[in-house]
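Descriptive analysis of the structure
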Amino acid sequence: MQAQGSTIRRQREESGYGLTAFAKHIGISPGWLSRIERGKAHPSPDVLRRIAVALSHEQTARAAITQIAQHEAEGPDVR
């Protein structure tokens, strides 16, 4: 399994994580994460799994927030 560093970086940034905070969140050094994102290092399957899980949780949270905000913008729910 090959990591796509630029995709990892884009999704991390879209999630609002800085490099250092995200690296700490997934349990690796900021330098190692930077090398992964620049395509200079190849993470183990375990590290890729931790990255994927962390990013998917952030995407799920963003989707939920967006849905709530859209619902709120529509006005009160009258039944």
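Scroll up to find the structure.
About the criteria used
Residues numbered from 1 in each chain as written. Predicted model: local features only at pLDDT ≥ 70, side-chain atom pairs only at ≥ 80, totals over all residues. Heavy atoms only, no water. Helix = DSSP H or I, 4+ residues; strand = E, 2+ residues; numbered from the N terminus. Expected span 1.5 Å × (residues − 1). Contact = heavy atoms within 4.5 Å. Axes fitted to C-alpha atoms, helices over the stretch in contact; angles between N-to-C directions. Parallel < 35°, antiparallel > 145°, perpendicular 65-115°, else oblique. Left-handed = near helix turned anticlockwise from the far one by under 90°. Nonpolar A, V, L, I, M, F, W, Y, C, P; charged D, E, K, R; others polar. Phe/Tyr/Trp six-rings, centres within 6.5 Å; stacked < 30°, edge-to-face > 60°. Buried < 20%, exposed > 50% of the residue type's maximum accessible area, 1.4 Å probe, protein only.

Taking 1.5 Å per residue as the helical rise, helix α4 (residues 45–74) with its 30 residues ought to reach 44 Å, and the 43 Å between its terminal C-alpha atoms agrees with that figure. Packed against the buried residues of α4 are α1 (5–14), α2 (19–26) and α3 (30–37).

The next thing to look at is the packing of α2 against α4. Here α2 crosses α4 at 115 degrees, and the two axes come no closer than 10 Å. Overall, the two elements α2 and α4 adopt an arrangement that is roughly perpendicular. The hand of the α2/α4 crossing is right-handed. Across from F22, H25 and I26 in α2, the residues of α4 making contact are R50, I51, A54 and L55. In the contact of α2 with α4, the residues fall into 5 nonpolar, 1 polar and 1 charged.

This next bit is on the packing of α1 against α3. Interhelical geometry of α1 versus α3 gives an angle of 120 degrees and a closest axis separation of 7 Å. By the angle between their axes, α1 is oblique relative to α3. Across the interface between the two elements, G5, S6, I8, R9 and R12 from α1 touch L33, I36 and E37 from α3. For the contact of α1 with α3, the class distribution of residues is 3 nonpolar, 2 polar and 3 charged.

This paragraph deals with the packing of aromatic side chains. What describes a pair of aromatic rings is the distance from one ring centre to the other and the angle between the planes of the rings. For the coordinates displayed, the defined rule picks out 1 aromatic pair. Seen in terms of ring centroids, Y17 and F22 are 5.1 Å apart; in terms of plane orientation they differ by 65 degrees. Their pairing is edge-to-face. Residue classification places Y17 among the buried residues on the basis of a relative accessible area of 18%. Residue class for F22 comes out buried when judged on its relative accessible area of 0%.

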